[in-house]
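# A look at the structure
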Amino acid sequence: MPATSAPVPTTTRVVHGTCHHDCPDSCGWQVTVDDGVAVQLRGNAAHPYSAGELCPKVNRFLDRVYSPDRITTPLRRVGAKGEARFEPISWDDALDEIGRRLRAIVDTHGPGAVMPFISAGNQSSIAILFPERFWNRLGAIELTGALCGAVAGAGTASALGTGKALDPVEVRHSKLILLWGTNTRLTNRHLWPFIEAARADGAQVVVIDPIRTITADSADWFVQPLPGTDVALMLGMMHVLVRDGLVDHDWVADHTIGFDELCDHVAEWTPVRAAEVCGIDAADVERLATMYGTIRPAAIRTLIGAEHHEHGAMFFRTLACLPALVGAWRDRGGGFARSVGVWSNELVDGIALMRPDLRPAPRRQVPMVRLAEALDPTSDQPVHALFVIAGNPLVVVPDAEGVRRGLARDDLFTVVHEQFLTDTARYADIVLPATTQIESLDIVPAWGHRWLGWNEPAIDPVGESVSNSDLHRRLARAMGFTDAALHDDDEDVIRSVMPGVDVDELRRTGWVEAPYPADGRPYADGGFPTPSGKVELRSERLAADGHPALPTYLPARESASGDPDLAARHPFALLTPKHHTRFLNSSYSALPKHGPLEGGPFVEMVAEDARRLGLTEGQCAVVWNDRASLEVPVRITTRLRRGVVAIPWGWWSQHHADGRTANALTNPALTDWGGGVAYSDTLVAVRAR
Ligand SMILES: Nc1nc2c(c(=O)[nH]1)N[C@H]1C(S)=C(S)[C@@H](COP(=O)(O)OP(=O)(O)OC[C@H]3O[C@@H](n4cnc5c(=O)[nH]c(N)nc54)[C@H](O)[C@@H]3O)O[C@H]1N2
Ligand SMILES: Nc1nc2c(c(=O)[nH]1)N[C@H]1C(S)=C(S)[C@@H](COP(=O)(O)OP(=O)(O)OC[C@H]3O[C@@H](n4cnc5c(=O)[nH]c(N)nc54)[C@H](O)[C@@H]3O)O[C@H]1N2
Ligand code: SF4
Ligand SMILES: [Mo]
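Residues numbered from 1 in each chain as written. Chains lettered and ligands numbered in written order. Predicted model: local features only at pLDDT ≥ 70, side-chain atom pairs only at ≥ 80, totals over all residues. Heavy atoms only, no water.

### Section: the sheet that holds strand β2 (residues 28-34)
- As summarised here, the arrangement of the three strands in space is β1-β2-β3, forming an open sheet in which the pairing is antiparallel. The outermost strands of the open sheet, each flanked by one partner alone, are β1 (12-18) and β3 (37-43). Recorded for the sheet is a direction-independent mean angle of 25° between the axes of neighbouring strands.
- Bridge analysis of β2 against β3 gives six bridges, and the strand direction is antiparallel. Note that in β3 the partner of Trp29 across the bridge is Gly43. (Pairing = 2+ DSSP bridges. Helix = DSSP H or I, 4+ residues; strand = E, 2+ residues; numbered from the N terminus. Axes fitted to C-alpha atoms, helices over the stretch in contact; angles between N-to-C directions.)

Okay, here's the thing in structure tokens:
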């Protein structure tokens, strides 16, 4: 008998969603679903920003969704911490154990011994903010600052009174685009077409970065200052603008305060002095300043990379002053563009989502950056329960070996909600399975453009996985918390926190645009929300907090430390940048079509440094400092300068010969303000193994 030729009936649907990754592009996608199985995920051509393209990370998203390595049931640790020996358990058993242990810890040590570490794995509003309702109700530790973004926002606000700046797509109208500390073609690839369009109309693109990135390769001009020295370059530019009469005095008089003092202050910042600090030619300082003072419209585009320095906030504060001096805000396509998420805040009521009113008392505050310290049993008030949600702190937090020592504590109760058994999850007492973006309903405000996206679930949760919000509804039940707000349904929450948005229309079209001035000039006539209503070139608020009142270049403390021979013992500056097109932070490096195609970890240095150290291409080097040491093969590069080495970041312990990752070496110092981290002010020594 021939096999039946009748086709098996299938139901095919196409479902619209939005990428949740911590990436400025928040692309729109379409998932094709056959009989409940996602068979294709591709860019939505109608999306007003991403226009149908995704990226080398997410082009294979379904491999991630259906990976044989997905965690699909709750797991309980049966081996030693870090050994990754687990047994599957039921959700009921997992929640019983969590409820019991959490209550005991709260009874003994108070809720200030419980730390929810919610990282950046999912940028959707419900996923990232709804959990705060539960943690507010419990009164657990509140993380302050952030590994990403808080410093750029705080620094900008010191000058402008707000993080709200130019919409990056407005660079389409610029004639000069300074990409300052951002690797657009890697990290924000969907902005690049706007830059190319401006270029086709005659715009010049300058990249300012200590690394010759793929973006630098595509620029008209590349300026390569030493890491952490840009403020000197900015002050040198200000010097030239003042000296050469390139300041827009009318705009400055109307919309800034502190100009006269700034003029006196930059008088000593001659191009020669600035160039000396930055390790570039004085002629380049002159040229950059002259271009900036004469070409209009002029846009400065920056993102996150430059905040990862001890004086990271000062970088953003000083950079945000530059457009004011030349009156750049007058022009469409002129001004200062950074993360744009703050514009979307007008669409979503974050307070209503997080419900801080549920707190029984003020929460204990701990800087996110200082995880290693908070887990240290000898600290004043060590953490006793750690809940890691959408993050991989063992790979992403500085002083990673300090974090590892904390995670290894037998008296620390660790719960990790994850899709994969990450380095961090290997140390958990309980691992709980998390859904991927195509398995849950959410809304996604973008930080690289003004389109908030709808995310419709395309498939049922894989295995027994649950979304972040479902997890926290379950935790509330396990703790016996009956407050209605902790149990609200996702769709009801979305409707209640977007009062100004037609949610049915949003669901139908897939996106809604955050409001922005129609003429594209947010500050043409000033109106900055600082106390003075003006751009604060001089800031009383900063002075009151003990910071310099004027933009000021300060060398990093790690290199200028009290230890006189630190720089002699550790003569190289180490950068640990995002570099791999197939990684998103530490996500994807363990997937077979991602990590292996990127090769493996390496340390880059220029040929001259390698020669001096007696190292050759591919040879194993030891990179070390007082925090840790790491063995990695050498790659000779022309992307760096002498004295600067780089270990591109995102690899897990399993990829490193000695199980330690780049962040074992990095500097956990807090930034000047904004509560960020100085990853990129790390000194190391290098030798052949
Ligand atoms: N492919 C890919 N895309 C990503 C990510 C990823 O991991 N992979 N991560 C996403 C995330 S979380 C973020 S925050 C964004 C970040 O987006 P970006 O901020 O654009 O990227 P970064 O690589 O962090 O930093 C940008 C550049 O800053 C430079 N930099 C470091 N120190 C200094 C300095 O002192 N002065 C100057 N001028 N430049 C400096 C670095 O060399 C780097 O080239 O990218 C997002 N997009
Ligand atoms: N040395 C060095 N360190 C850095 C940086 C650097 O440039 N250099 N960059 C810093 C920056 S900018 C950032 S943003 C941070 C990123 O830090 P993290 O956000 O911690 O980065 P990821 O490693 O991507 O971890 C995200 C995890 O969330 C999981 N996940 C994804 N979606 C969900 C979900 O819906 N629910 C749950 N529960 N889990 C989910 C993923 O599987 C993944 O393991 O790293 C910082 N660390
Ligand atoms: S990771 Fe970024 S570029 Fe890639 S699909 Fe998501 S939003 Fe787009
Ligand atoms: Mo980030």
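### Concerning the side chain of Ser440
- On the secondary structure map, Ser440 appears in the loop between β17 (430-433) and β18 (442-444).
- For Ser440, a relative accessible area of 10% translates into the label buried.
- If we skip the residues at most four places from it in the chain, Ser440 touches Thr435, Asn455, Glu456, Pro457 and Ser467. (Buried < 20%, exposed > 50% of the residue type's maximum accessible area, 1.4 Å probe, protein only. Contact = heavy atoms within 4.5 Å.)

### Considerations on the pattern of salt bridges
- Scanning the model with the defined rule gives 46 salt bridges in all.
- Ionic pairing is found between Asp609 and Arg612, a salt bridge with its closest N-O pair at 2.6 Å. Of this pair, Asp609 and Arg612 both sit in helix α26 (residues 607-613), three residues apart, which is roughly one turn of that helix.
- A relative accessible area of 0% places Asp609 in the buried class.
- By sharing partners, the salt bridges in this structure join Glu456, Glu491, Arg495, Asp504 and Arg507 into a single network. (Salt bridge = Lys/Arg side-chain N within 4 Å of Asp/Glu carboxyl O.)

### A look at the domain arrangement of the protein
- Segmentation of the protein into domains returns domain 1 (75-147 + 349-440 + 458-496), domain 2 (164-337) and domain 3 (564-688).
- With 21 residues of domain 1 at the contact, the number on the domain 3 side is 23 residues.
- The contact between domain 1 and domain 3 buries some 1600 Å² in all, and 57% of this surface belongs to carbon and sulfur atoms.
- In this assembly, domain 1 and domain 3 are joined by 13 residue pairs in polar contact (both at pLDDT 80 or more).
- Elements represented by at least two residues in the side of domain 1 that touches domain 3 include exactly α19 (393-396) and α20 (400-407).
- Each residue belonging to the side of domain 1 that touches domain 3 can be placed in one class, and the counts come to twelve nonpolar, four polar and five charged. (Domains from an automatic or database assignment. Buried area = accessible area lost by both parts, 1.4 Å probe. Polar contact = N/O pair within 3.5 Å; in protein donor to acceptor, adjacent residues only side chain to side chain. Nonpolar A, V, L, I, M, F, W, Y, C, P; charged D, E, K, R; others polar.)

### Points about the site of ligand 3
- The immediate surroundings of ligand 3 are formed by Cys19, His21, Cys23, Asp25, Ser26, Cys27, Leu54, Cys55, Lys57, Val58 and His190.
- Of the residues in the shell around ligand 3, the class split is six nonpolar, three polar and two charged. (Near = heavy atom within 4 Å.)

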